[in-house]
Amino acid sequence: MCDAYLMFSHRKQGTMVLSSLDKIIHLQKNTANIRNICVLAHVDHGKTTLADCLISSNGIISSRLAGKLRYMDSREDEQVRGITMKSSAISLHYTTGNEEYLINLIDSPGHVDFSSEVSTAVRICDGCIIVVDAVEGVCPQTQAVLRQAWLENIRPVLVINKIDRLIVELKFSPQEAYAHLKNILEQINALTGTLFTSKVLEERADRETESRVNPSSEPGEQVYDWSAGLEDTDDSHLYFSPDQGNVVFTSAVDGWGFGVEHFAKIYSQKIGIKKEVLLKTLWGDYSINMKAKKIVKAKGKKPLFVQLILENIWSLYDAVLKKDREKIDKIVTSLGLKIGAREARHSDPKVQINAICSQWLPISHAVLAMVCQKLPSPLDMAAERVERLLCAGSQAFDSLPPETQALKAAFMKCGSEDTDPVIIFVSKMFAVDAKALPQNRPRLLTQEEIAQRRERARQRHAEKLAATQGQAPAEPPQDGSAPETSPKGEQPKGDEPRVESAALRSPPQDGDGQESFVAFARVFSGVARRGKRIFVLGPKYSPVEFLRRVPLGFNTPLEDLPPIPHMACCTLENLYLLMGRELEDLEEVPPGNVLGIGGLQDFVLKSATLCSVLSCPPFIPLSFEATPIVRVAVEPKHPSEMPQLVKGMKLLNQADPCVQVLIQETGEHVLVTAGEVHLQRCLDDLTERFAKIQISVSEPIIPFRETITKPPKVDMVNEEIGKQQKVAVIHQTKEDQSKIPEGVQVDADGLITMTTPNKLATLSVRALPLPEEVTQILEENSDLIRSLEQLTSSVNEGRDAQMIHQKTQEKIREFKGKLEQYLTGRKWRNTVDQIWSFGPRKCGPNILVNKSEDFQNSVWTGPAIKASKEASRYRDLGNSIVSGFQLATLSGPMCEEPLMGVCFVLERWDLSKLEEQGSGGRHGQEQRDVAQDAQREGEACAGGGEQPGLPDGGSEPSEKTSQKGEPSPTDCYGPFSGQLIATMKEACRYALQVKPQRLMAAMYTCDIMATGDVLGRVYAVLSKREGRVLQEEMKEGTDVFTVKAVLPVAESFGFADEIRKRTSGLASPQLLFSHWEVVPSDPFWVPTTEEEYLHFGEKADSENQARKYMNAVRKRKGLSVEEKIVEHAEKQRTLSKNK
Ligand SMILES: Nc1nc2c(ncn2[C@@H]2O[C@H](COP(=O)(O)OP(=O)(O)OP(=O)(O)O)[C@@H](O)[C@H]2O)c(=O)[nH]1
Ligand SMILES: [Mg+2]
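Residues numbered from 1 in each chain as written. Chains lettered and ligands numbered in written order. Predicted model: local features only at pLDDT ≥ 70, side-chain atom pairs only at ≥ 80, totals over all residues. Heavy atoms only, no water.

For the protein chain, an unreviewed UniProt entry supplies the name Elongation factor-like GTPase 1 and the organism Neovison vison. Taken directly from UniProt, the Catalytic activity (unreviewed entry) text for the protein chain runs: "GTP + H2O = GDP + phosphate + H(+)". (UniProt positions renumbered as here; feature names shortened; annotations may be inferred.)

Asks: Sorry if this is basic, but what is going on with the environment of I356 here?
Replies: As for its placement among the helices and strands, I356 is situated in helix α14 (residues 349-360). Put simply, I356 and D254 are 102 residues apart on the chain and 9.3 Å apart in space, counted from C-alpha to C-alpha. Beyond its immediate sequence surroundings of up to four residues, I356 is in contact with L316, V320, I328, V332, L337 and I339. (Helix = DSSP H or I, 4+ residues; strand = E, 2+ residues; numbered from the N terminus. Contact = heavy atoms within 4.5 Å.)

Asks: Is there a simple way to explain helix α23 (residues 772-780) in this structure?
Replies: In an α-helix there are 3.6 residues to a turn, and that puts residues three or four apart on one side. Within the sequence span of α23, burial applies to V774, T775, I777 and L778. The buried residues of α23 occupy an angular sector of 160 degrees when projected down its axis, which confines them to one face. Away from its buried face, by an angle of more than 90 degrees, α23 presents the exposed residues E772 and E780. (Buried < 20%, exposed > 50% of the residue type's maximum accessible area, 1.4 Å probe, protein only. Arc of directions from axis to C-beta.)

Asks: Explain the nonpolar core here, please?
Replies: In a soluble, globular protein the nonpolar side chains are often hidden away together inside. Counting residues in hydrophobic clusters, the biggest one holds 113 residues, and the most contacted among them are I160, F305 and I313. The element contributing the most residues to this core is helix α11 (residues 304-321), with 12 residues. Ignoring anything within four residues of it in the chain, the contact list for I160 reads V132, A134, L181, I184, L185, V247, V248, F249 and T250. In this structure, V523, A528, V589 and L600 belong to the second largest nonpolar core, which totals 104 residues. (Core = buried A, V, L, I, M, F, W, Y, C linked by side-chain atoms within 4.5 Å.)

Asks: Would you take a moment to explain helix α35 (residues 1105-1116) for this structure?
Replies: Here α35 is 12 residues long and its end C-alpha atoms lie 17 Å apart, about the 16 Å a rise of 1.5 Å per residue gives. Among the residues of α35, those classed as buried are Q1105, A1106, Y1109, M1110, N1111, V1113 and R1114. If you follow the buried residues of α35, they end up packed against β24 (704-708), β33 (997-1011) and β35 (1040-1048). Positive phi shows up at G1118, right after α35, with a value of about 75 degrees. (Expected span 1.5 Å × (residues − 1).)

Asks: How should I be thinking about the sheet that holds strand β25 (residues 745-746) in this particular structure?
Replies: Two orientations exist for strands paired in a sheet by backbone hydrogen bonds: parallel and antiparallel. Taken in spatial order, the 6 strands line up as β25-β26-β27-β32-β29-β28 in an open sheet, and their pairing is mixed. The sheet terminates laterally at β25 and β28 (835-839), the two strands that pair on one side only. When strand β29 (residues 846-850) meets strand β32 (residues 902-910), the two strands line up parallel, connected through 4 bridges. For V849, the partnering residue across the bridge sits in β32 and is V905. (Pairing = 2+ DSSP bridges.)

As structure tokens, then:
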């Protein structure tokens, strides 16, 4: 097969040079030749290594170090752990033919914990490189990043990396490797297909492809007609296929890579078949009849890809690994390569392979050529992407003011005239050591300067020598001798000896180790100039609202503007070119470029839209895949250092797109992070950079949800709850109910009736468990619910609602339909129409249903319009009922965690007493703010006034006194609306407590890749931690298994480490929050039947997972914990029986 090498002649391909800053500045102006791209992949698939290769092509790092240095991983912990944690950008220069390109490359992390960094990267790119490990294939994060790319509307190309592993590790034959690669492509195309057809992309799909062509059913026949069908339809870019030029095969560590185009070019010259034909047939089931120079479609025969490409690579590896000197030399000469003597003699085959392959098939050329050809420039931004970026929430683009709509053209034109609006999006803020900023850093010395310095050093040395020899120096030392050697405007004052090439400048004034924030941003339109005044738009800024406030419109001079909410004005202080670890100063940045902006830390928290015109709406928020779920409380080791901690937390919050920093009601400072690795990074950042103090960290705070279920049919020993046992159960429920105070009426079926302390209103509430599907629908649609609630409330307040996007209305209808589909049966009749609110926070997974006859109100239509005075009173007080419901759902009775999947039905709401009393009394109550007294006196009043079970009768005293015209005693209860809120809240809580309550635990999905031999150990760890395996699959052709499991977050701490240790690093899990799951055990369970006593013992102290969780939360929150320390069980039992 070696003969094939004779066919190649090494031609100078795209060349890359060490670019000067001037060159880059020049290239930034040619928008059509800019490519803003990010590298996305599953963790460890080789993004940073690939980036190294591309960077080394620019001479920024040496090619020998490429792949080892991991230049883009500039943090110490990134280097130590070997994973990327932050996305960072670098500008590269690439020349091919006559065209020069500027490539703004962003390397992103692959670990799930840092997926928010991926979101910040894709927002400011136009295209992305998806890297897939040839052995591991499509992994969970591959899917996630592909999805993110799709959602952002950026175009992907594919790099299948680590091909060398197929040769060296898996020892595949070229034919097997081909089948394997084909398989990977199919997987990833299937993924693209599902994304494409999935709901999110439905509308896009409709527009972009009339006919969805499956790449496997490519028009094969046409190929015989050598020229026809080559200018294929344009939807091809959706799918990955080597013949489309959007796939390259690489080995980043060995420095090589190729697309089929490279080989098509060479073979078309050698065999004399048109390049276009070869392009179409080099991938796929085609083989060649060399004699007839004909390509035929043939299954089962050796495909061209194997024969003409893979076999050559395989035989090269074979020769090098077997140290077959002769063969190596033959290959090298036939390829026309020149291998340095050092590499050629090197004992490590890797070095040889790298030396040969990186010349033969330079990876940077293969990848960058594909990027330049297949990925769009900023000028090609789709109109649709612009519309999406500008239309937050449910707004329709057409409903925006005309000035705003006009901005679309600016985006697409990328105009750089002075009249073009400047629009910049900041996708994250990152912290850099202030010393590293260009303005605080010594300038790189030019050759001349270095020469001068060398001369000076020599002179000094001579002086010193002379001095030691007791001679006077030939020349006096020059004081401040060489102004020309110091950076502009920085005159070195001292005459102290200077260290060559070390810092010329004293550390910046603001002290050592000061953190400075740089915005990671992109100019979408106009030229960003240093010193330019610009508006910073917060996420809630709205041009529509602006027009409402400012009648003169968007052209109002700045001085005349009234204060506008969510908007600030600032100056672009410093602009930087992002060069990986380095920043370079820029004066201006033309549109379509990625840049860093200094001096925004006081204006921008995490992300923002900067704009020179106020007609621009803020960009839609970044979509984050990972939900922050791991919470810890932090405190300084020395209490006096609290201010530093607070300051540090603030900085950390700004520097990380995903972390949440909050102070809990308990006063604890809490960090919420996406996972353990993320947590560790945040803590490191806090102690080492932002707070610089010792901190102590609590055990992770694990979130739970509270819910209720249907009464169980079997008891804990799996016996059906029969009649006799039921007695016992009821006995227990009675005991539970004794917790419910007097004055609250409980019906047998769980209906709670409560009266406000002033006896004027009576509420009857029932709690029902929602079907699981409904809870899920509610969870999934929380954004939609939020817009729905906003809409209804703005209608209620009489404001005309903003024009709602047609699509949103449709979605609301669809959502309602789905709820109706699952809420069927007698119990749920008409329920959907009667939904009044969602909670907590008006968008949560619990619903309030209004079945009261006196007052109808529904979230879909707003309150029923009844003109009567009575109706308006109900309407006014309705908010209190909703607030009570919101409070009740925010923290449940078990351990004050939010509720989930509960439906509260307000069956009756009686205000007739209030009506009787007349409005005078009510006014009196509402106007007087006696809340403080009320508490004190309230207790006294409540003691005597309430009659259990007779809510109506209880209101008598208040009526009497109010008739007397004296201050009514009900005043002591505070405002009536407040009483309603409290009563509603309490009623909801009691309604829950009479039902079987359950905890819900947060669950991770966990993807583990492990080789067959360590699989058993992985399972052992999983089951120890209450994990459940959902699926186990073997990757075709390898002995790698992928295991999908679910694992409670509560049990996940240290899981990754444990798995890694137990499997000697061969398996590593990726944990991603997925859903909430009911913990089956009843936290309040105690044995009640003989069987249960027998089985669980009288102390009933065997493991009750739910109770353990509940008590842990209660303990943490400082709530009372009923821990039964049953010393003499017999005695206690008799006691309670005697009662
Ligand atoms: N055999 C082989 N190993 C590779 C190749 N490319 C990268 N690697 C190795 O894969 C490991 C991970 O590489 P990285 O470049 O750090 O991976 P990454 O995708 O940046 O990882 P994260 O940033 O943590 O998501 C390193 O040990 C690399 O040496 C390749 O082409 N072949
Ligand atoms: Mg990386």
